[in-house]
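# Observations on chain architecture
Below are the chains, spelled out letter by letter.
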Amino acid sequence: MSNYLKNNSIEDSAPAHSLWSSRLAFVLAATGSAVGLGNIWKFPYITGENGGGAFVLVYLLCVAAIGIPIMMGEVLLGRRGRQSPINSMLLLAAQEGKSPRWKLLGWMGVAGAFIILSFYSVIGGWATCYAGYAVLGEFSGATADSIGSLFSALLASPVKLLIWHTVFIGLTILVVARGVRSGLERAVKFLMPTLFVLLLVLVGYAMTTGRFLDGVAFLFTPDFSKLTTGAVLSAMGHAFFTLSLGMGVMMAYGSYLPQDCSIVKTSIIVSVMDTAVALLAGLAIFPIVFANGMEPGAGPGLIFQTLPLAFGNIPGGSFFGALFFILLVFAAWTSGISLLEPLVEWLEEHRGISRLTSAVAGGLAVWLLGLVTVFSLNVWSDFTPLGMFASFEGKTLFDLLDYLTANIMLPLTGLLVAIFTGWVMSRSSTREELGLENGYGFWLWRTLVRYVAPVGVLIVFVYNLS
Ligand code: TRP
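Read on for a plain summary of the structure.

The rules behind these values
- Residues numbered from 1 in each chain as written.
- Predicted model: local features only at pLDDT ≥ 70, side-chain atom pairs only at ≥ 80, totals over all residues.
- Heavy atoms only, no water.
- Helix = DSSP H or I, 4+ residues; strand = E, 2+ residues; numbered from the N terminus.
- Rg over C-alpha atoms; globule rule 2.2 N^0.38 Å.
- Buried < 20%, exposed > 50% of the residue type's maximum accessible area, 1.4 Å probe, protein only.
- Contact = heavy atoms within 4.5 Å.
- Areas by Shrake-Rupley, 256 points an atom, 1.4 Å probe, with all protein chains shown as cover.
- Axes fitted to C-alpha atoms, helices over the stretch in contact; angles between N-to-C directions.
- Left-handed = near helix turned anticlockwise from the far one by under 90°.
- Phe/Tyr/Trp six-rings, centres within 6.5 Å; stacked < 30°, edge-to-face > 60°.
- Lys NZ or Arg CZ within 6 Å of the ring centre and 35° of its normal.
- Parallel < 35°, antiparallel > 145°, perpendicular 65-115°, else oblique.
- Nonpolar A, V, L, I, M, F, W, Y, C, P; charged D, E, K, R; others polar.

## With respect to the overall build of the protein
Across its full length, the protein carries 19 helices and zero strands. Relative to the compact-globule value of 23 Å for 466 residues, the protein shows a C-alpha radius of gyration of 22 Å, a close match. Taken along its principal axes, the extent of the C-alpha atoms in the protein is 65 × 50 × 45 Å. Looking at the protein residue by residue over its 466 residues, the buried ones come to 59%. Across the protein, every contact between residues at least 6 apart in sequence was considered, and the portion connecting residues at least 24 apart equals 81%. Total accessible area on the protein stands at roughly 17400 Å², and carbon and sulfur atoms take up 67% of it.

## Describing the packing of helix H6 (residues 103–135) against helix H16 (residues 355–376)
As a packed pair, H6 and H16 sit with axes 8 Å apart at the nearest point and diverge in direction by 60°. Two packed elements cross with a definite hand, and for H6 against H16 that hand is right-handed. Where H6 approaches H16, its residues Phe-114, Ile-115, Leu-117, Ser-118, Phe-119 and Val-122 are matched on the opposing element by Gly-362, Ala-365, Val-366, Leu-369, Gly-370, Thr-373 and Val-374.

## Considering the packing of aromatic side chains
Overall, the coordinates contain 32 aromatic pairs when judged by the stated rule. Ring centres of Phe-119 and Phe-398 lie 5.6 Å apart, and the angle between their planes is 55°; on these two criteria the pair is classed as tilted. Placement of the pair is Phe-119 in helix H6 and Phe-398 in helix H17 (residues 397–424), with a sequence separation of 279 residues. A residue is classified by how much of its surface remains accessible, and Phe-398, at 13% relative accessible area, is buried. When the centroid spacing of 5.5 Å and the interplanar angle of 85° are considered together, the rings of Trp-423 and Tyr-451 count as edge-to-face. Of this pair, Trp-423 sits in helix H17 while Tyr-451 sits in helix H19 (residues 440–465), and the two are 28 residues apart along the sequence. A connected cluster of aromatic rings, assembled from ring pairs, spans Trp-126, Tyr-130, Tyr-133, Phe-139, Phe-151, Phe-304, Phe-311, Phe-324 and Phe-325. Across the ring face of Phe-241, the terminal group of Lys-42 is positioned such that the distance to the ring centre comes to 5.5 Å. The ring of Trp-423 carries the charged tip of Arg-450 above its face, separated from the ring centre by 3.7 Å.

## Some words on the packing of helix H3 (residues 37–49) against helix H13 (residues 263–291)
The contact between H3 and H13 brings their axes to 9 Å, and the two run at 65°. Relative to H13, the element H3 lies roughly perpendicular. Taken as a pair, H3 and H13 cross one another with a handedness that is right-handed. Listed contacts from H13 to Asn-39, Ile-40, Phe-43, Pro-44, Thr-47 and Gly-48 of H3 are Asp-274, Val-277, Ala-278, Leu-279, Ala-281, Ile-285 and Phe-286. When the residues that make up the contact of H3 with H13 are grouped by side-chain class, the tally is nine nonpolar, three polar and one charged.

## A look at the side chain of Asn-50
Here Asn-50 shows up in the loop between H3 and helix H4 (53–81). The exposure class of Asn-50 is buried, given its relative accessible area of 16%.

Written out as structure tokens, the structure reads:
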């Protein structure tokens, strides 16, 4: 039996890693992970593409019925294992008398977070670059053409993308290298409250555009005729991504959660806050979009093309535009940190190397893989290695990495988490770790994680692959 199995039994009260100093620290860090480009960039544009209200309603249902139970499952696995996702799975499987192959679940998480970070960092780099543009007043008096060429010039330039990708990874390493308490915790304690304030200021600003109520109506009036099957499935997929599930991130963060903090309560708080930020981002963005006679369904370019144009042409736009992109960088940064953490935690315990070395080595490796995304956007944009298969036609290497993680690894890991916590672990182990009585609450969690979540995830999985 290897060392970590011997040394870290559940009874062992001194865990190998340090713990969050309080429940608040965990909640801020996990919310920081969940709140990211997914909330501020992706949620508004997929809501726009899918017609608003009805889509939002389905998304909320998915968060409640699938997202929250799986999040509880991931945090539970992390805290019970008290190690990186890989070693935690090894330990827990051994304790339950199950195959050590369950560590593959941990492996997929660590590998998936690694791959996601490689392209997340490139997009985080766009955000950082745009924060710079906004501060320098690049958007003022902009036209649709000038904004369009600003965006395409960025994507067309490997050098620019590389610089901003490097800046973003650098910021991420900087925090992760300092460790759980003086790095992650200190960063989120400053960044998250600032992010909330900035967001509220922006919503206040959106109220002055004269089209605020249209934004509200767009988000909250369900028109079920606009709800396609595709919309339902993308709502479910997004619920997963936005809560940072299926990639070992919540397991890693859970492994630092003090024993006396309630997994149930904290998971609910984190999910509610994540959802609140997505909705507030919608309330900040759509009124500005409508006030400028723009289309909510503009797609991925919504915040990089539509919004700068709007900010460039309304009173106070340069100031609020700068605030907006700074907010975006903060949100992406706290998510980037969480995506590096599972790998660093594993490197630390597996090789016994210091956190500084693990963070730098891990970050460098992510940076290297990020080059694939950087070049896919320009010099390799015609390189579509799987183009001979119909479903991968026209997909660049970047698209393939995105596809592999979002459509395969993420749902698969999520499914395995649901199966492991719902079916493989004993009822009493999960109940004990969740700190629940043998009552309605536990029954509800177990039903959701055993039946509802796996079926939901399987449907998305199969649909996305076909
Ligand atoms: N949840 C983040 C967002 O909404 C992205 C993210 C961070 C993530 N960690 C993750 C997605 C782990 C999947 C898995 O932008």
